[in-house]
Amino acid sequence: MSSRMNLPLLATSAVGSYPKPAYLLEARRKALRQQISKQELTALEQRATREWIQIQEDIGLDLLVDGEQYRGDMVAYFADEMEGFAIAGLVRSYGNRYYPKPVVVGPVGRRHPVTVEWFKFAQSLTKRPVKGMLTGPYTIAEWSFNEHYPTRRELVLELARAVGEEARDLEKAGARYIQIDEPAIHTRPDEDFELALEAMEIVTDGLSAYTVSHICYGDVPRIYPRVLKLAVDQLDLALKNEHFALLETFKQARFTKDIGVGVVDAHSHRVESVEEVAEGIRKTLQVIPAEQIMVSPDCGLKTRAIDETVGKLRAMVDGAKVVRNELTGTREPTRA
Amino acid sequence: MITTVIGNYPKIPDLPAPGKWRSTVERFQKGQIDETQLQHVEDEVTAEVINEQVQMGIDVITDGQIRWEDAQTHFARRLSGFSINGLQRYFDTNIYFREPVAEHAVAWTGPITVSEFTFAREHSSKPVKPVVTGPFTLAALSRNVHYPTLKEFAIALGRALNRELKALEAAGAEVIQIDEPAICQRKQDFDIFAEASRVLTDGVKAKKILCTYFGDIGGLYPQILDLPFDVIGLDFVAGYRNWDVVAAAPFTRELQAGVLDARNTRVESVDELVRAVRRLTAFVSPGRLMISPSAGLEFLPRSVARRKLAALVEGTKVANQDLKGART
Ligand SMILES: [Zn+2]
């Protein structure tokens, strides 16, 4: 457990993924057909990462992400790199979007650090802090098929140990902010919620980094206020897409953690206005004190177009700036 | 004792075979082909999926819902009164659907699934079961900004979809399945569900299957048997509590029993199926029993879905022999 260190009031960050530029999508297709080498693909992933770091600096985000240009799906990426998984095949997510769904076929565990090299690369490109980004054990288990473990509990706890090792390796590599995404945490709110809490205890045990968990798309009111027991410093939640309805829930019991408040919709093409973002933050301030608030998009932005993503990030940063100025009564110099 | 499926089926083959449907939709979205060309490919894939079920030996098939983007918008887009909003998660799955929004009074303006049904029937040597998303589930998964209450919304949808059932019946459908997974999650609204079901089925003489999945009907049994459905579909995997639930009172309807896990790749053994059927026949006679997966098979990659169908057919065949042996 840790403080936000020296991030400003209403600091801005992102959930994790950004869209991949056309040259990278093309390269990934070619890599699948083995028309280009792994090294060539990696070079382009690095180029795209560099571009996103630059874009985030230009826009003025406070806490950066690497944009996950080298990841496909957030679960399959870890499954690919870990022991005990195979890819079962493509399963439809929505519309004509498909993802490779992993299947647990043996004991799960880490062969080697999964995200550390990419974290170090991204952090080397900027003086601003970059978040280490992990997928949580409950979500990895829930979004995989399981042909090996007799119970979900055994699988989740084994994964928690592996993700915890990864988190500690990230910290050793210099990560001061680590995000462990659990978008599936409310899948079985009665049956499994305690298990998800127990798993996160294992993941963040002994960390001194500031920890965040991103949760989205599901019945958050159903797990509130129990979710405040999750062993992280901040809960990052999608508020915009439900028109800030969650604030009503947060009025029922004091929000005792930091919140990453989602102020732009990750699944709409429309770019929000600065005033719309500012208004969302002001609404949140009526329920949660500014010291506990960070500002972010609702979810990863990888399904948006690049210009939509840039537009949304800019509206987010500028909207946060407007409210920050209102709070501090000062005019903050623009970074550009 | 016969076999059936719940509804949807994987639209694309396994890698590395190219997904014809997927690339066609992509071309359609880019404006490179028109809707007729898209429909042509959807017809082809539907015929392929029908053929796969028939070949595997399923007794009552569906068209695989290849043309459905999801079970909600397929209807909401074709009824009047709805607009379509952003993505929502579909129950406890990692599947997303676009949220329908009831902005005005909802109404049926013409057949939605009839041409799908007649196409499937022409392409199948086995009986085809059309599937309609039920009014309660459609209401529960939509945003309602028009009706003062969920009850009024669900009943209006019941009235609209009643005309769809009648259109299917007029087209020759002898069995119609109504999917109501939402009732397993929202048991407190059973009265609304019951009322919407009565409006939905009013005057419909076809055999009606009420299909539930993703949970159990604990707390709704046996009163659910009083609703105007001939067959009740239950999920015995995610809704494993149903095993105890149905023990509480005589099962007076036919049963569509979802005993194969539609959401995990592990394929059940013949032995598991036989044991499940023995448990089922303790409270329903084999003649009143259909065996099925626990939900639609689109949660699985195509090759696994096919293996599930094979396991379903083989397991049911052996279970039938097992039952005959037990009687003699
Ligand atoms: Zn998310």
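Criteria and cut-off values
Starting afresh in each chain, residues are numbered from 1 along the sequence in its written order. Chains carry letters and ligands carry numbers; both start at the beginning, A for chains and 1 for ligands, and go up in the order they are written. With pLDDT at 70 or above as the cut-off, local features in this predicted model cover only qualifying residues; side-chain atom pairs require 80 or more to be listed or tallied, and sums for whole chains, interfaces and linings still use all residues. Working from all heavy atoms in the structure, the side-chain values ignore hydrogens and water. Put simply, DSSP marks the helices as runs of H or I at least four residues long and the strands as runs of E at least two long, and each gets a number from the N terminus on. Throughout, the radius of gyration refers to the C-alpha atoms, and the reference size of a globule is 2.2 Å times the residue count to the power 0.38. Each residue's exposure class comes from its accessible area (1.4 Å probe, protein chains only) as a fraction of the maximum for that residue type: buried when under 20%, exposed when over 50%, partly exposed otherwise. Contacts are assigned to residue pairs that have any heavy atoms within 4.5 Å of one another. Centres within 6.5 Å are what make two rings of Phe, Tyr or Trp a pair, Trp counting through its six-membered ring; a difference in plane orientation under 30 degrees is then read as stacked, over 60 as edge-to-face, and the rest as tilted. For every residue, the pLDDT score states the predictor's confidence, bounded by 0 at the bottom and 100 at the top. Take the accessible area each of two parts loses on contact, using a 1.4 Å probe, and add the two losses: that sum is the buried area. Whenever a carboxyl oxygen of Asp or Glu lies within 4 Å of a side-chain nitrogen of Lys or Arg, that contact is scored as a salt bridge. Note that water is not among the atoms used; donors are N, O and S atoms within 2.8 Å of the metal (3.2 Å for Na, K and Ca), so sites may look incomplete. Pairing between strands is defined by DSSP: at least two bridges between them are needed. Every axis in this analysis is a line fitted to C-alpha atoms, fitted for helices over the stretch in contact. Angles between the N-to-C directions lie between 0 and 180 degrees.

## Some thoughts on the overall build of chain B
Each helix and strand in chain B was counted, giving 10 helices and 10 strands. Computed over C-alpha atoms, the radius of gyration of chain B comes to 19 Å, within 12% of the 20 Å expected from 2.2 N^0.38 for 328 residues, which places it in the range of a compact globule. By its C-alpha atoms, chain B is 60 × 50 × 35 Å across when sized along the principal axes. For chain B, the proportion of its 328 residues judged to be buried stands at 60%. In chain B, once contacts between residues fewer than 6 apart in sequence are set aside, the share between residues at least 24 apart is 74%.

## What to know about the packing of aromatic side chains
Residue and element names in this part refer to chain A. For the coordinates displayed, the defined rule picks out 25 aromatic pairs over all chains. Seen in terms of ring centroids, Tyr70 and Trp118 are 4.3 Å apart; in terms of plane orientation they differ by 5°. Their pairing is stacked. With Tyr70 in the loop between helix H2 (38–59) and helix H3 (76–81) and Trp118 in helix H4 (residues 116–124), this pair connects stretches of sequence that are 48 residues apart. Across the pair, Trp118 and Tyr70 agree in class, each one buried.

## As for the confidence of the model for chain B
When pLDDT is averaged along chain B, the result is 96; 99% of the residues meet or exceed 70. Interface confidence for the predicted complex, expressed as ipTM, amounts to 0.92; the pTM equals 0.90.

## Some remarks on the interface of chain A and chain B
Each partner contributes to the interface: chain A provides 29 residues, whereas chain B provides 28 residues. Of the roughly 2,600 Å² buried where chain A meets chain B, counting both sides, 48% is carbon and sulfur surface. Along the contact surface separating chain A from chain B lie two salt bridges. The salt bridge partner of B:Arg143 is A:Glu242, with a shortest N-O separation of 3.7 Å.

## Observations concerning the coordination of the zinc ion
All names here are of chain A. Coordination sphere of the zinc ion, protein contribution only: His214 (NE2), Cys216 (SG) and Cys299 (SG), at 2.1 to 2.3 Å. The motif formed by the donor residues of the zinc ion, counted along the single chain, is H-x1-C-x82-C. With a relative accessible area of 3%, His214 lands in the buried category. Among the residues examined, Cys216 registers a relative accessible area of 6% and is labelled buried.

## A word on the environment of B:Arg22
With respect to the secondary-structure elements, B:Arg22 resides in helix H1 (residues 20–29). Remark: the alpha-carbon pair of B:Arg22 and B:Leu161, spanning 139 residues in sequence, is separated by 30 Å. With residues up to four places along the chain from it excluded, the contact list for B:Arg22 reads A:Leu90, A:Asn96, A:Tyr98 and B:Ile12.

## Section: the sheet that holds strand S5 (residues 143–144) of chain B
Residue and element names in this part refer to chain B. The strand order across the open sheet formed by three strands is S2-S3-S5, and the pairing between neighbours is mixed. Where the open sheet ends on each side, the last strands, each with one partner, are strand S2 (79–89) and S5. For strand S3 (residues 96–108) and S5, the ladder comprises two bridges, and the chain directions are parallel. Along S5, the bridge assignment pairs Ala102 with Asn144. The strands touched by helix H6 (residues 150–170) are S2, S3 and S5; relative to S3, the strand with the most contacts, the crossing angle is about 90°.

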